[in-house]
Amino acid sequence: MSDAPPRYARKLVTDPAGLAARLAALPRPIVFTNGCFDILHAGHVDYLDRAAALGASLVVGVNSDASVRRQGKGEDRPINPLADRMAVLAALEAVSLVVAFDDDTPLALIHAVRPDHLVKGGDWPVESIVGADFVRSYAGQVHSIRFRHTRSTSDLLRRIREQDAK
């Protein structure tokens, strides 16, 4: 058994100072999306795969643990810590780079990435997507990808808790 770092580790940006160089090495067009990705499910995987198909590289911004808590998703959220959530995302073939952000919105990260395509899930109207105006200002495109799977982490946790209560 090897002590070498896992293959997915090359996709993790753990030093924000190195983000620009990591982005410069990616083939364009770059697609950017973000989220908590607390408990990865089929809806997430399908969404990320479809987002990746819009370009040559998919960069995923992941809310820090503190950022998730500030979103009011529940006192016990996130279930999985940031490092675990980033590792799972990085292991997906569709994902090129994973970077955390601690702000309430990914706007500063969107400015740093300067994606050709900004993507959110179908529950986000295009006009409400954070960073849409910025991306459009340089002729980038903004997409709201319709969900094909009706899954949500909040619903999954609700069902688990109902089973535990029985």
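See the structure above.
Residues numbered from 1 in each chain as written. Predicted model: local features only at pLDDT ≥ 70, side-chain atom pairs only at ≥ 80, totals over all residues. Heavy atoms only, no water.

1. Description of the overall build of the protein chain
Move 1: Each helix and strand in the protein chain was counted, giving 7 helices and 6 strands.
Move 2: Along the protein chain, helices and strands appear, N-terminal first, in the series β-α-β-α-β-α-α-β-α-β-α-β-α.
Move 3: Here the protein chain has a C-alpha radius of gyration of 16 Å; the compact-globule value for 166 residues is 15 Å, and the two agree.
Move 4: The 166 residues of the protein chain split such that 43% are buried.
Move 5: Taking contacts inside the protein chain between residues at least 6 apart in sequence as the whole, the part at least 24 apart equals 72%. (Helix = DSSP H or I, 4+ residues; strand = E, 2+ residues; numbered from the N terminus. Rg over C-alpha atoms; globule rule 2.2 N^0.38 Å. Buried < 20%, exposed > 50% of the residue type's maximum accessible area, 1.4 Å probe, protein only. Contact = heavy atoms within 4.5 Å.)

2. A look at the pairing of strand β6 (residues 141-145)
Move 1: Looking at chain direction, strand β5 (residues 117-121) and β6 are connected through 5 bridges and run parallel. Its bridge partner lying in β6, Lys120 is registered against Ser144.
Move 2: Considered for its hand, the β-α-β crossover made up of β5, helix α6 (residues 132-137) and β6 is right-handed. (Pairing = 2+ DSSP bridges. Right-handed = clockwise from strand over helix to strand, strands pointing away.)

3. Regarding the sheet that holds β6
Move 1: The strand order β1-β4-β3-β2-β5-β6 describes an open sheet built from 6 strands, whose pairing is parallel. The sheet is open, and its two borders are formed by β1 (12-13) and β6, each paired with just one other strand.
Move 2: Alignment of β1 against strand β4 (residues 97-101), held across 2 bridges, turns out to be parallel. Directly across from Val13, in β4, lies its bridge partner Val99.
Move 3: Against the sheet, helix α4 (residues 82-90) contacts β1, β3 (57-63) and β4, and its axis sits at roughly 165° relative to β3. (Axes fitted to C-alpha atoms, helices over the stretch in contact; angles between N-to-C directions.)

4. Quick notes on the packing of aromatic side chains
Move 1: The full count for this structure, using the stated rule, is 1 aromatic pair.
Move 2: Each ring, one from Phe134 and one from Tyr138, has its centre 5.2 Å from the other, and the planes form 75°; the classification is edge-to-face.
Move 3: Overall, the relative accessible area of 18% leaves Phe134 in the buried class. (Phe/Tyr/Trp six-rings, centres within 6.5 Å; stacked < 30°, edge-to-face > 60°.)

5. Some points on the pattern of salt bridges
Close approach of charged atoms allows side chains of opposite charge to pair.
Move 1: Tallied over the entire structure, the rule returns 5 salt bridges.
Move 2: Notably, a salt bridge pairs Arg28 with Asp116, separated by 3.1 Å at the nearest N-O pair. With Arg28 in the loop between α1 (19-24) and β2 (30-35) and Asp116 in the loop between α5 (107-113) and β5, this residue pair connects regions lying 88 residues apart in the sequence.
Move 3: Owing to a relative accessible area of 24%, Asp116 belongs among the partly exposed residues under this scheme.
Move 4: A salt bridge links Arg85 to Asp65; its shortest N-O distance comes to 2.6 Å. With Arg85 in helix α4 and Asp65 in helix α3 (residues 65-70), the pair connects residues that are 20 residues apart, well separated along the chain.
Move 5: Judged by its relative accessible area of 22%, Asp65 is partly exposed. (Salt bridge = Lys/Arg side-chain N within 4 Å of Asp/Glu carboxyl O.)

Structural measurements only, silent on function.
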